[in-house]
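# Notes for the structure review
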Amino acid sequence: MQRVLLIDDDRNIVQTLHIYFEEKGLSVTTAGSAAEGMARFLSDKPELVLLDLRLPDGSGLDVLRRIVASAITTQVIVITAHATVETAVSAVKLGAFDYVEKPFRLEDLL
């Protein structure tokens, strides 16, 4: 079963995505902070990470750097309500698979 890690401090988005991915047959883990997200990433080694840019204890771009540096094979989709061209370019250059602005359609994530 494919594993998905949701790193976002917005409980509504996390709950919606959790339900959506479970209905698609995926195993879902969640984290509400950068520190918790990295810990879960390293322990679970998910195939897909949905990562918010703004977290209560750090930047999603910093988390993305650490994920890429870990050499664990995964795809990261950055999701944010605060999209800018600069952060989109940075995320993709750092190795994000995609960059999606909130609000988004759930179908667009697969």
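Preceding this section is the structure that the text describes.
A brief look at the structure comes next. (Residues numbered from 1 in each chain as written. Predicted model: local features only at pLDDT ≥ 70, side-chain atom pairs only at ≥ 80, totals over all residues. Heavy atoms only, no water.)

## A closer look at helix 3 (residues 60–69)
When helix 3 is considered as a whole, its buried residues turn out to be Gly60, Leu61, Val63, Leu64 and Ile67. Across the axial projection of helix 3, the buried residues extend over an arc of 155°, all falling on one side. Positioned one or two residues after helix 3, alanine 71 has a phi angle of 65°, which is positive. (Buried < 20%, exposed > 50% of the residue type's maximum accessible area, 1.4 Å probe, protein only. Helix = DSSP H or I, 4+ residues; strand = E, 2+ residues; numbered from the N terminus. Arc of directions from axis to C-beta.)

## Let's talk about the pairing of strand 6 (residues 75–80)
A large share of strand 6 lies buried, amounting to five of its six residues. The pairing of strand 3 (residues 48–52) with strand 6 spans five bridges and is parallel. By the bridge assignment for strand 6, leucine 50 is matched with isoleucine 77. Of the crossover connections in this fold, the one passing from strand 6 over helix 4 (residues 85–94) to the parallel strand 7 (residues 98–101) is right-handed. (Pairing = 2+ DSSP bridges. Right-handed = clockwise from strand over helix to strand, strands pointing away.)

## Regarding the sheet that holds strand 6
Through backbone hydrogen bonds, the strands of a sheet pair up, either in parallel or in antiparallel fashion. What the five strands build is an open sheet, ordered 2-1-3-6-7; its pairing is parallel. Strands with a single pairing partner mark the edges of an open sheet, and in this sheet they are strand 2 (27–31) and strand 7. Shown here is a sheet whose adjacent strand axes are inclined to one another by a mean of 20°, direction ignored. Strand direction decides the pairing type here: strand 6 and strand 7, joined by four bridges, are parallel. Bridge pairing in strand 7 places isoleucine 79 opposite valine 100. Where helix 2 (residues 34–44) meets the sheet, its contacts fall on strand 1 (3–7), strand 2 and strand 3, and the angle it forms with strand 2 comes to roughly 150°. Contacts between helix 3 and the sheet are confined to strand 1, strand 3 and strand 6, with strand 3 contributing the most and set at about 155° to the helix. (Axes fitted to C-alpha atoms, helices over the stretch in contact; angles between N-to-C directions. Contact = heavy atoms within 4.5 Å.)

## Examining unusual backbone geometry
The amide bond that connects lysine 102 to the next residue, proline 103, takes the cis arrangement and shows omega of -10°. With respect to the helices and strands, proline 103 occurs in the segment after strand 7. Residues other than glycine seldom take positive phi values, yet lysine 45 does so here, at roughly 50°. Residue position: lysine 45 is located in the loop between helix 2 and strand 3. For alanine 71, which is not a glycine, the phi torsion comes out positive at approximately 65°. On the secondary structure map, alanine 71 appears in the loop between helix 3 and strand 6. Classification of alanine 71 as exposed rests on a relative accessible area of 66%.

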